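Residue-level structure breakdown
If you want the building blocks of each chain, they are given just below.
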Amino acid sequence: MKKELEMLLEKLEGFSNPKIQLEQYVTPPALAAEIVVNAKLIGDLHAVNAVVDLGCGTGILAIAAALLDVEAIGFDVDCNALRIARKNARNMGVHVDFVQSDVRTLCLKISRDPDVATIMNPPFGIQVRHADRPFLKKAMEFSRVIYSIHSAGSEQFVSRLAGERGFAITHLWKYSIPLRRTYSFHEKAFKYIPVEVFRLERKKDEVRNARR
Ligand code: SAH
């Protein structure tokens, strides 16, 4: 399942003109496939009503979820990226809603026993420190479970933020991902970057409190 998914995701188009300030990097297809398949194996895509991808860029994570027959919706601030994301979904024969929105002001009202999984690769906060913070905070407003990619060394930061909001880290996977040379200031054609993928889950008693 993972290999087939990865091969499909390799066909997706990336950013045509990546914007530095928005930290636009495409998640490598192998990692995108790994995360989404892990989510499925853990059972998180089973009961879920929808997968939300915050900062979806050209859509790889949302499309990966859709390819596993899950309803997916992606949000990004950049219209050009969303145009490519829509084209990518069309070419893959899946339907994904891609909506233009700044996550810092996104207002998602989800009613009646929501079961939402957020799967996202937010900006790492290399250009703007802790640019990933609003993404985590927003995801924690409406998700039961969150898969999120961060730069290595983020555990303390993620753990503290999660604790304050009734979430806990249940899994932490470490990878080294090849990032293609996207911006001209990078010297090598690609380099390996250590990243951490977190699975966060809303604590049970917090679910009760939220429903009260
Ligand atoms: N999730 C995609 C792209 C990752 S790059 C992938 O995995 O391939 C980070 C993305 O976050 C970019 O597409 C960028 O446009 C988007 N982004 C940055 N700041 C944002 C904001 N404030 N609101 C919404 N999207 C934002």
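That block above? That's the structure.
Below or above, wherever it landed, is the structure these notes cover.

Remarks on the overall build of the chain
Across its full length, the chain holds seven helices and seven strands. The order of helices and strands in the chain, counted from the N terminus, is α-α-β-α-β-α-β-β-α-β-α-β-β-α. Its C-alpha atoms put the chain at 50 × 35 × 30 Å along the principal axes. Classification of the 212 residues of the chain by burial places 49% in the buried group. Counting only contacts in the chain whose residues sit at least 6 apart along the sequence, the fraction spanning at least 24 positions is 72%. Counting every atom, the chain has about 11,200 Å² of accessible surface; 49% of that belongs to carbon and sulfur.

With respect to the site of the ligand
Near the ligand, the surroundings consist of 21 residues, among which Gln24, Thr27, Gly55, Asp76 and Val103 are the closest. Contact between the ligand and Val77: a nitrogen atom at 3.4 Å from a main-chain N or O atom of the residue. Looking at the shell around the ligand residue by residue, the class counts come to eleven nonpolar, six polar and four charged.

Observations concerning the nonpolar core
In terms of nonpolar packing, the biggest core is built from 43 residues, with Leu9, Ile63, Val96, Phe98 and Ile119 touching the most fellow members. For this core, the elements supplying multiple residues, two or more each, are α1 (2-9), α2 (29-42), α3 (60-67), α4 (79-92), β4 (116-120), β5 (145-151), β6 (167-180) and β7 (190-202). When neighbours within four sequence positions are excluded, Ile119 is seen to be in contact with Ile35, Val36, Ala39, Leu45, Val51, Val52, Asp53, Leu54, Leu61 and Tyr147. Counting 20 residues, the second largest nonpolar core, distinct from the first, contains Leu106, Met120, Phe135 and Phe167.

Re the environment of Phe190
Secondary-structure assignment places Phe190 in strand β7. Each C-alpha atom of the pair Phe190 and Ser143 lies 34 Å from the other, and the pair is 47 residues apart in sequence.

Quick look at the pattern of salt bridges
Tallying each qualifying case throughout the model produces 13 salt bridges. Linking Glu34 and Lys2 is a salt bridge whose minimum nitrogen-to-oxygen distance equals 2.9 Å. Taken as a pair, Glu34 in helix α2 and Lys2 in helix α1 lie far apart in primary sequence, 32 residues in all. For Glu34, a relative accessible area of 18% translates into the label buried. Through salt bridges with shared partners, a single network forms among Asp44, Asp115, Arg144, Arg199 and Glu201.

Brief notes about α2
Taking 1.5 Å of rise per residue, 14 residues should cover 20 Å, and α2 covers 20 Å from first to last C-alpha, within 8% of that figure. Leu31, Ala32, Ala33, Glu34, Ile35, Val36, Val37, Asn38 and Ala39 are the residues of α2 that are buried. Just past α2, the residue Gly43 takes up positive phi, approximately 100 degrees.

The rules behind these values
- Residues numbered from 1 in each chain as written.
- Predicted model: local features only at pLDDT ≥ 70, side-chain atom pairs only at ≥ 80, totals over all residues.
- Heavy atoms only, no water.
- Helix = DSSP H or I, 4+ residues; strand = E, 2+ residues; numbered from the N terminus.
- Buried < 20%, exposed > 50% of the residue type's maximum accessible area, 1.4 Å probe, protein only.
- Contact = heavy atoms within 4.5 Å.
- Areas by Shrake-Rupley, 256 points an atom, 1.4 Å probe, with all protein chains shown as cover.
- Near = heavy atom within 4 Å.
- Polar contact = N/O pair within 3.5 Å; in protein donor to acceptor, adjacent residues only side chain to side chain.
- Nonpolar A, V, L, I, M, F, W, Y, C, P; charged D, E, K, R; others polar.
- Core = buried A, V, L, I, M, F, W, Y, C linked by side-chain atoms within 4.5 Å.
- Salt bridge = Lys/Arg side-chain N within 4 Å of Asp/Glu carboxyl O.
- Expected span 1.5 Å × (residues − 1).

Interpretation in functional terms is not warranted from these geometric data alone.
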